[in-house]
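Descriptive analysis of the structure
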Amino acid sequence: MSNTIQSVRGMNDCLPDTAETWQAFEAIVRDWLRRYGYRELRTPILEQTGLFKRAIGEVTDIVEKEMYTFVDELNGESLTLRPEGTASAVRAAIQHNLLYDGGKRLWYAGPMFRHERPQKGRYRQFHQIGVEALGFAGPDIDAELIAMTADLWRALGIAPTLQLNTLGDADARQRHRARLIAHYEQHADALDEDARRRLHSNPLRILDSKNPAMAPVNAAAPRLMDELDGAARTHFDGVRRLLDSCGIAYEINPRLVRGLDYYNRTVFEWVTDQLGAQGTVCAGGRYDGLVEQLGGKPAPAAGFAMGIERLLALMEAAGTVCAMPGPDAYVVYAGEAAEAHAWRVAAALRAAGLAAVLHAGGGSFKSQMKKADASRARFAVIIGDDEAAAGQVSLKPLRDTGEQMRVETDRAIDVLKQACIQQG
Ligand code: ATP
Ligand code: MG
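Figured I'd write up the structure that's included with this text. (Residues numbered from 1 in each chain as written. Chains lettered and ligands numbered in written order. Predicted model: local features only at pLDDT ≥ 70, side-chain atom pairs only at ≥ 80, totals over all residues. Heavy atoms only, no water.)

**Focus: the layout of surface pockets**
Put simply, the rule reads: Buried and open spaces are told apart on a 1 Å grid over the protein atoms alone, a cavity being a set of points where a 1.4 Å probe fits but cannot get out and a pocket being an open set with protein on both sides within 12 Å along at least five of seven lines. Residues with an atom within 4 Å of a point are the lining residues. Grid points are joined across faces, edges and corners, and a volume is the space filled by probe spheres set on the points. A run of DSSP states H or I qualifies as a helix once it reaches four residues; a run of E qualifies as a strand once it reaches two. Both are numbered from the N-terminal end. Three classes are used: nonpolar for Ala, Val, Leu, Ile, Met, Phe, Trp, Tyr, Cys and Pro, charged for Asp, Glu, Lys and Arg, and polar for all others, with Gly counted as polar.
Here the second largest pocket defines a volume of roughly 530 Å³. The wall of the second largest pocket is formed by 20 residues, among which Thr-18, Trp-22, Tyr-123, Glu-309 and Leu-312 lie closest to the centre. For the lining of the second largest pocket, the secondary structure elements donating two or more residues are helix 1 (16–35), strand 6 (125–134) and helix 12 (308–318). A per-element tally of the lining of the second largest pocket places helix 12 first, with six residues. Taken together, the residues of the lining of the second largest pocket sort by class into nine nonpolar, six polar and five charged.

Next up, the structure:
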C-alpha cells in the first residue's frame, strides 16, 4: 500500500453500502423539513475568510485553529472551506435580500471542514444538516426548532436528551463578563493555557472548555442566568412554556455557552452518552445580532445544526439503521438470441419502476447465478434459448422460498411488484 495514494486524514469515503444508509437517512430528513415548511438553500463550499472571522468570532476554536484557509494564487484573496453553515446562509440571505417580505425558514446540508484531531465522531470533513429561521423574533420559533428536532429523533428511533440555557442580551453578557473575569483572576492557578489566553479577550469561551481539569473552576463560575434582564427572561420563559406544553423534557444547563460567538438568548444541545466524548448530535440557538453584524438590515434569527455522522452512529447504537434492500431483479442469460431478449426484459422491468441489474461479462449460468445471489436481488430473471424463443422469462426467488416459474414478461413484472409491496 506504501505507494498508493490514500484519502486525506480525517476525510472519509462513503462506500455504496454506507451511501445507501445515508440516502435513507436523508430521505427521512428531507420529508421532515418539508412537513415543517423549511426550504433548501445551497451555498458554495468556499467563502471569503473574512465571513467566518466576522460571523464566528476571532477568539473561537474554529477561527483560531480549525479552518482550512488558503490564498487564491490568482488574485491573492484569502478563502476558507466552510467550517459551518450559518455564516453562509446569513450571507446569502443578505446578498439576495431574502428577508425583504418577512421571515424565512431555510435549511442546508453538506460537508463542513475543520482541522481537528480525527477520532470517532470527529472528522476533518464531516456533514451537517442545518436549519435557520431568519427574521422571527419570538420564543415560538425557538420552541418550534427544538420541537421539530424532537420529532425527527422519534422518526430516527433515537433518544438524545435536551440541554437548554439562555445567554441573555448584550448588557447582561457584559455584566457577566466582568464577573467571570474577576472569578477566573481569583483562580488564575487553575487556568489552562487556552483559558489564560482567553481571560480578557473572550472569557465566556472558557466555560466551553473540553479540558476536564477546568471543570471545577468552571462549575464555580458565576452564572449568566443570574444576570438576565426582563425581556430575555420573558423570552426564555416563553420557550420553556411551549416546550412544557409539547411535553418535551429538558435539563437547564447554565454552563452551556456554545462554541461560536454569535449566539444570544436561547441556546440548546441534544446530547447522548452513547458516543463517548463526541456526545453532541445537534446544537443551536438564537443569534439575533448576526444579520446586522454581517452588514444586513437588523433581523432576528435562530437555528441549529446536526452532525450526520454522529446521528448515524447513534442510530447504529440504537439498532435503527436499516440495511437497504438489493435490486428487485438480476437478469441472467446465455446465447445470442437470449441477449437481445434479456435487454428488452431488463428495459421493461425498469420502465415499470423496478430495479433490474443486467448481468455483464458472460459466463456460465452457474457463475451468473452466483453473481445474482451476491447482488442481494430478490429474484433472478433467467433467460435461455427456450425463454427467448417463447418471449418468456423464468423467475427464481432468491430471498424467499418458492418455485422457479416460467411466465410472460408482463406477468413477471406483476410478481416482482407484488413482492416489492410486501417488502414495504
Ligand atoms: P464539538 O463540541 O463536538 O466540537 P461544536 O460545538 O464544535 O461540537 P457545532 O459547531 O455546534 O459543533 O456543530 C454542530 C454539530 O456538528 C455538532 O453538534 C456535531 O454533531 C457536529 N460536528 C461538529 N464538529 C464535528 C466534527 N469535527 N466531526 C463530526 N461532527 C462534527
Ligand atoms: Mg468543535
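**Concerning the site of ligand 1**
Quick reminder of the rule: A single heavy atom is enough: if one lies within 4 Å of a molecule or strand, its residue is considered near that molecule or strand. Pairs of N or O atoms are called polar contacts if they sit within 3.5 Å, as long as, within protein, a hydrogen donor faces a hydrogen acceptor (for residues adjacent in sequence, only side-chain-to-side-chain pairs).
The full set close to ligand 1 counts 17 residues, and Arg-114, Glu-116, Arg-122, Lys-210 and Arg-258 are the nearest of them. In this structure, an oxygen atom belonging to ligand 1 sits 2.9 Å away from a side-chain N or O atom of Lys-210. In the environment of ligand 1, an oxygen atom lies 3.0 Å from a nitrogen or oxygen atom belonging to the side chain of Arg-310. Elements with a contribution of two residues or more to the shell around ligand 1: strand 6, strand 10 (280–286) and strand 11 (301–307). Ranked by residue count, the leading element in the shell around ligand 1 is strand 10, at four residues. Looking at the shell around ligand 1 residue by residue, the class counts come to seven nonpolar, four polar and six charged.

**With respect to the sheet that holds strand 3 (residues 69–71)**
Here is the rule we go by: Strands qualify as paired when DSSP identifies two bridges or more between them. Simply put, an axis is a line fit to the C-alpha atoms, just over the touching stretch for a helix, and the angle between two N-to-C directions goes from 0 to 180 degrees. The contact rule is simple, with two residues in contact once any of their heavy atoms fall within 4.5 Å.
One open sheet holds the three strands; their spatial order is 2-4-3, and the pairing between them is antiparallel. At either margin of the open sheet sits one strand with a lone partner, and together these are strand 2 (46–48) and strand 3. Neighbour-to-neighbour, the strand axes of this sheet turn through a mean angle of 35 degrees, independent of strand direction. Sheet analysis places strand 3 next to strand 4 (residues 78–81), joined by three bridges and oriented antiparallel. Bridge pairing links Val-71 to Ser-78 in strand 4. Where helix 2 (residues 49–56) meets the sheet, it contacts strand 2, strand 3 and strand 4, and its direction lies at approximately 75 degrees from that of strand 2.

**Details of the pairing of strand 5 (residues 104–113)**
Inclusion rule: Exposed residues in this analysis have more than 50% of their type's maximum accessible area, buried residues have under 20%, and partly exposed residues fall in between, with area computed by a 1.4 Å probe over protein chains only.
Burial within strand 5 is extensive, with seven of its ten residues counted as buried. Sheet topology note: the strand 1 (residues 39–40)/strand 5 ladder contains two bridges and is parallel. Paired with Arg-39 across the strands is Leu-106, a residue of strand 5. Where strand 5 meets strand 6, ten bridges bridge the pair, whose relative direction is antiparallel.

**A short note on the pattern of salt bridges**
What counts here: Take a side-chain nitrogen of Lys or Arg and a carboxyl oxygen of Asp or Glu: if they are within 4 Å of each other, that pair is a salt bridge.
All told, the structure shown has 24 salt bridges when counted by the stated rule. In this structure, the salt-bridge partner of Glu-40 is Arg-42, at a minimum N-O distance of 2.9 Å. Owing to a relative accessible area of 36%, Glu-40 belongs among the partly exposed residues under this scheme. With a relative accessible area of 71%, Arg-42 lands in the exposed category. Taking the shortest distance from any N to any O, the salt bridge between Arg-154 and Asp-151 comes out at 3.6 Å. Separated by three residues within a single helix, Arg-154 and Asp-151 lie in helix 5 (residues 139–156), roughly one turn from each other. Three or more residues are tied together by salt bridges with common partners; here these are Asp-61, Glu-64, Lys-65, Asp-194, Arg-197 and Arg-198.

**Observations concerning empty space enclosed by the protein**
Leftover empty space is mapped by rolling, across the atoms, a probe with the size of a water molecule. Counted under the stated rule, the structure contains one cavity of 30 Å³ or more. Put simply, the parts of the chain that give the lining of the largest cavity at least two residues each are helix 4 (86–95) and strand 5. Partitioning the lining of the largest cavity into residue classes produces four nonpolar, three polar and two charged.

**Overview of helix 14 (residues 365–374)**
Cut-off, in case you're wondering: The directions considered for the arc are those from the helix axis to the C-beta atoms.
Of the residues making up helix 14, those classed as buried are Gln-368, Met-369 and Ala-372. Taken end-on, helix 14 shows its buried residues confined to a sector of 100 degrees, consistent with a single buried face. Across helix 14 from its buried face, at more than 90 degrees, point the exposed residues Lys-366, Lys-370, Lys-371 and Ala-374. Residues of helix 14 that are buried make contact with strand 12 (329–333), strand 14 (379–383) and strand 15 (392–397). Just downstream of helix 14, Arg-376 is the residue with a positive phi angle, here 65 degrees.

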